[in-house]
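Residue-level listing of the chains:
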Amino acid sequence: MFIRTVEHDTSLDKFRAEVRDFCERELPPVIREKQKRGQHLEKHEYISWLQRLGSRGWNTGKWPKEKGGLGWEPAQFLAFQEELGRAGAPPLMSFGPTMAGPVIYTFGNEDQKRQHLPGIIKGDLWWCQGYSEPGAGSDLAALKTRADRDGDDYIVNGQKIWTSTAHWADWMFALVRTDQKAKKQEGISFILLDMKTPGITVRPIIGITLGHHLNEVFFDNVRVPIANRIGEENKGWTYAKFLLANERVGNVDVAKVEGNIEQIRQLMAETREAGKPLSDDPTFNRRLAELEVGLATVKALMADQLAAARLSGAPSLMGAAALKLRGTELQQGILQTGLDVLGRHGMVYQSDALNAGWNGEMIGPESSADVIYEHLYRRAATIYGGSSEVQKNIIAKGALGL
Amino acid sequence: MPSLSSEERQQLHDSLLELLGDKYAFEHWKKIARAPGGEGFGRAEWQEFADMGWLGIALPEEAGGSAGGMTELGIVMAAVGRFILLEPFLGTVVLCAAAIEKAGTERQRRMLSDIAAGKLLLAFCHAEPGGGYAREWVKTVATRDGAGYSLTGEKGFAIGAHAADQLIVSARIGSEAGPVGLFVVPRAAAGVSLIQAPALDGRPGAAMTLAGVKVGADAKLGGSDMDMLAVIDEIIDRGVVMACCEAVGAMATVTDQTVEYLKTRQQFGQPLSKFQVLQHRLVDMSVSTEEARAIVHAALQALDDKAKDAQRLVWMAKVKTAQCARFVGGQGIQLHGGMGMTDELSIGHYYKRLTMCETLFGDAEWYLRQLAQRREAA
């Protein structure tokens, strides 16, 4: 399938201008400033921005119109991401708009759609993903968290791990085992949990970034209405896979990747070797060119997947795997180049500079701490959402029939 | 070249691994690294290392050392990497000891005894903000001031500088066009201002500004105004090969730990180590570690033999080791999955240390470029 590349699509110029103008007026200065410094946002700051986007329907612009979205073509979605990135806006949140939402509008009942979709569209609520468990990583279907029926409720017991932003979440979508005897993929159900339910404990995991992003989530006799189950009991694996394909497309945030390249270009300009800026260095420029080829390729793969999603309701599992594989490798490659520059400043990591209110003195370029944070954080890019090894297995089996 | 017999080398290696494995396990490491208000390393540990004779392993006998060569020092540094020790080996025992030994007068060489005894901490402050990895880039100036000198300039980040008793600072003598000298400057001297910060791997250090720092004539290493760039070149080469040794030790631990983890981690009804694609990955990690070890040994040998092509071999060792370190460190995290991303597990800390070793004094790309330029010049 051949698709126009985003850059050449002049029909989107007006829309791009609208997004630029919107960001100019609506992006709160405190967020703009924090984004510039790579500082962590507070939840309320993030939500306030998502709500502004939500007032235009832009959180979910790529959803079909009949599902409450704006029915954007892939090119328009990519253009939107690009403009957000260029304006220094925070990246789009994927847990609600890319993961939970499409599962709910595709497999949920009317009540569930009424209850949950508006909050996602408007950007009011924060979602998290209850998938991985200590014994179920790459082998996700081995999950053990169980949900036993008790009247109109399930009683949930068990543990999730690596749950990003669970400490912020209002809701979690989770995979739980509802049939202990069935084959492992056939005893799983997909449920929605209100994070305020008694019996849920969230415990932080400090990452190699030295930041708090990940959590463990424990369930101790957590009562969840059976009405919160999506689709049929024990058919959760089907919905889980549908979500994974969307997640993998969402894993590659081209705006963020593009922003990273810009950041590295800036770092090169700010870094001198024997008095000359690295931006004048042919080897570094060659590497930038190589990264830009990677970006153009990943954007093209992305456009294919978004188009496939519009035609058939979901990206293909294989296509999403290929995109995830190359997109995350690209992201790591970009950030590695950043570290190759920062080695010349002694590889200082002032992680405190990423907290609001820090007033210490920075050694080296201002974006150093942000670039190192991102580098460390994105070591996980080839692990989360299904490791690269898992993506290759999917392609080997699914696409090549091996 | 005086050096230890192979039996003595083996004993050194065994005693390092035994004592460090016993007392310097990761839990202990965390305690030191995270001690509130701490210096980021252990003073008591440093003293113990001195008592074991490890700090003086390559220092002359008259300084209380063992008069070992680079191979012996490399054995110590590999152990530093195996346990990602936090104490300032590289700054004090490798770089500054080399500076004093190579450039110091008889009188100045007395500092070597204090190094061997664990009583003197030093930091080598040569690189400057505008220089990148270029070794000859020195803009700091030491103007004559009475009988002594007054130093003005900026120095880049150096691990351990925050706690060093003395800094060895390079500066151009007289003017910006003058020969480069090496000066011993007390960290607490008036006019020295440090910006303390942690490195990627958490070890603290500092960048600094020197604003008219007054030192005596005896602060300059060596008696004359001889240009020290060639000596600095040798000092940095020693740093390069020792950073490589450290990386080799760290890679060995990463490979061992990852093999063990994949043997125990069950997915799809079997240990991960049963998957051929992961077996091959582990093999590549193991072979990478061996490749690096082999070429680093060759470089150490060349230095000990004072071989004509020693520098070339040191640079080649850095290229290969840096490439291997990147691969092994990255795969260590990848194969540990989410576990590898946590601050609680050691594997991420090894990744960070390997990244430091990889980039210190120049990365693979930089040394490849130097090697290429030499080919063109030849």
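So, how was this worked out
- Residues numbered from 1 in each chain as written.
- Chains lettered and ligands numbered in written order.
- Predicted model: local features only at pLDDT ≥ 70, side-chain atom pairs only at ≥ 80, totals over all residues.
- Heavy atoms only, no water.
- Helix = DSSP H or I, 4+ residues; strand = E, 2+ residues; numbered from the N terminus.
- Rg over C-alpha atoms; globule rule 2.2 N^0.38 Å.
- Buried < 20%, exposed > 50% of the residue type's maximum accessible area, 1.4 Å probe, protein only.
- Contact = heavy atoms within 4.5 Å.
- Areas by Shrake-Rupley, 256 points an atom, 1.4 Å probe, with all protein chains shown as cover.
- Lys, Arg positive; Asp, Glu negative; His and termini not counted.
- Charge placed at Lys NZ, Arg CZ, Asp CG, Glu CD.
- Expected span 1.5 Å × (residues − 1).
- Bend = angle between axes of the 7 residues up to and from the residue.
- Polar contact = N/O pair within 3.5 Å; in protein donor to acceptor, adjacent residues only side chain to side chain.
- Domains from an automatic or database assignment.
- Buried area = accessible area lost by both parts, 1.4 Å probe.
- Salt bridge = Lys/Arg side-chain N within 4 Å of Asp/Glu carboxyl O.
- Pairing = 2+ DSSP bridges.
- Disulfide = S-S within 2.5 Å.
- Phe/Tyr/Trp six-rings, centres within 6.5 Å; stacked < 30°, edge-to-face > 60°.
- Lys NZ or Arg CZ within 6 Å of the ring centre and 35° of its normal.

A. Region of interest: the overall build of chain B. Check the secondary structure of chain B and you find 11 helices and 9 strands. In terms of C-alpha radius of gyration, chain B reaches 21 Å, essentially the compact-globule figure of 21 Å for 378 residues. On the principal axes, the C-alpha backbone points of chain B span a range of 80 × 55 × 40 Å. Looking at the 378 residues of chain B, the share that counts as buried comes to 60%. Put simply, of all contacts in chain B between residues at least 6 apart along the chain, 74% involve residues at least 24 apart. Roughly 14,800 Å² of accessible area belongs to chain B as shown, and the carbon and sulfur atoms make up 53% of that amount. Averaging the positions of the 38 positive and the 45 negative side-chain charges in chain B gives two centres separated by 4 Å.

B. Examining helix α6 (residues 110-122) of chain A more closely. All names here are of chain A. For α6, built from 13 residues, the straight-helix expectation of 18 Å at 1.5 Å per residue is met to within 8% by its first-to-last C-alpha distance of 18 Å. The largest bend in α6 is about 30 degrees, located at H116, with the proline P118 one to four residues further on. Within the sequence span of α6, burial applies to Q112, H116, L117, G119, I120 and I121. Check the buried side of α6 and you find it contacts α3 (43-55), α5 (95-107), β1 (127-130), β4 (171-177), β5 (188-194) and β8 (229-230). The opening residue of α6 is N109, an N-cap whose side-chain oxygen sits 3.2 Å from the backbone nitrogen of D111.

C. Representation of the domain arrangement of chain B. All names here are of chain B. Once the domains are mapped, chain B shows domain 1 (6-120), domain 2 (123-226) and domain 3 (230-373). Once you take the C-alpha centre of each, domain 2 and domain 3 turn out to be 31 Å apart. Tallying the contact residues gives 14 residues for domain 2 and 20 residues for domain 3. Together domain 2 and domain 3 conceal approximately 1,300 Å² of surface at their shared face, both sides included; 71% is due to carbon and sulfur atoms. Three residues, Y133, R135 and L200, lead the burial of domain 2 against domain 3; their summed loss comes to 55% of the area buried on that side. The tally of links from domain 2 across to domain 3 stands at 3 salt bridges.

D. Seen up close, the pairing of strand β3 (residues 153-161) of chain A. Residues and elements named next belong to chain A. Burial runs high along β3: 7 of the 9 residues are buried. Bridge analysis of strand β2 (residues 146-150) against β3 gives 5 bridges, and the strand direction is antiparallel. Each bridged residue has a counterpart across the sheet, and for R149 the counterpart in β3 is Y154. The antiparallel pairing of β2 with β3 creates a hairpin that spans 2 residues between the two strands, and G151 there sits at a positive phi of about 65 degrees.

E. Focus on the domain arrangement of chain A. All names here are of chain A. Here chain A is described as being made up of domain 1 (6-92), domain 2 (127-234) and domain 3 (253-399). For domain 2 and domain 3, the distance between their C-alpha centroids amounts to 30 Å. In total, domain 2 and domain 3 occlude about 570 Å² of area from one another, counting both sides; carbon and sulfur atoms represent 66% of this. Area buried by domain 2 at its contact with domain 3 is led by I208, T209 and H213, which between them contribute 70% of it.

F. Spotlight on the environment of D363 of chain B. Within the secondary structure, D363 of chain B sits in the loop between α10 (346-359) and α11 (364-377). Engagement of the side chain of D363 of chain B in a polar contact is seen with the backbone nitrogen of W366 of chain B, the distance being 3.0 Å.

G. Local environment of the state of the cysteines. Within the structure shown, the criterion is met by 0 disulfides over all chains. With no disulfide partner, C357 of chain B has as its closest neighbouring cysteine sulfur the one in C244 of chain B, 8.2 Å distant.

H. Molecular detail of the interface of chain A and chain B. With 44 residues of chain A at the interface, the matching set in chain B holds 43 residues. Summed over both sides, the interface of chain A with chain B buries roughly 3,600 Å², with 58% coming from carbon and sulfur. Taken together, chain A and chain B are joined by 3 salt bridges. For the side of chain A that touches chain B, the secondary structure elements donating two or more residues are β6 (200-206), β9 (272-273), α9 (282-312), α10 (317-342), α11 (368-377) and α12 (388-399) of chain A. No other element matches the 4 residues that α11 of chain A contributes to the side of chain A that touches chain B.

I. Examining the packing of aromatic side chains more closely. All names here are of chain B. Per the stated rule, a full pass over the model turns up 27 aromatic pairs over all chains. Between the aromatic rings of F49 and F89, the centroid separation amounts to 5.6 Å while the plane-to-plane angle is 35 degrees, which identifies the pairing as tilted. Taken together, the residues span a long stretch of sequence, with F49 in helix α3 (residues 43-51) and F89 in helix α5 (residues 89-103) at a distance of 40 residues. For the pair F49 and F89, one class covers both residues: buried. Here K139 stacks its cationic end above the ring of W137, 4.5 Å away from the centre of that ring.

J. Unusual backbone geometry, seen in detail. Residue and element names in this part refer to chain A. Backbone geometry places W162, a non-glycine residue, at a positive phi of 65 degrees. Tracing the chain through its elements places W162 in the loop between β3 and β4. A residue is classified by how much of its surface remains accessible, and W162, at 22% relative accessible area, is partly exposed. Of note, T165 is a non-glycine position whose phi angle comes to about 50 degrees, a positive value. Along the polypeptide, T165 turns up in the loop between β3 and β4. The exposure class of T165 is buried, given its relative accessible area of 7%.

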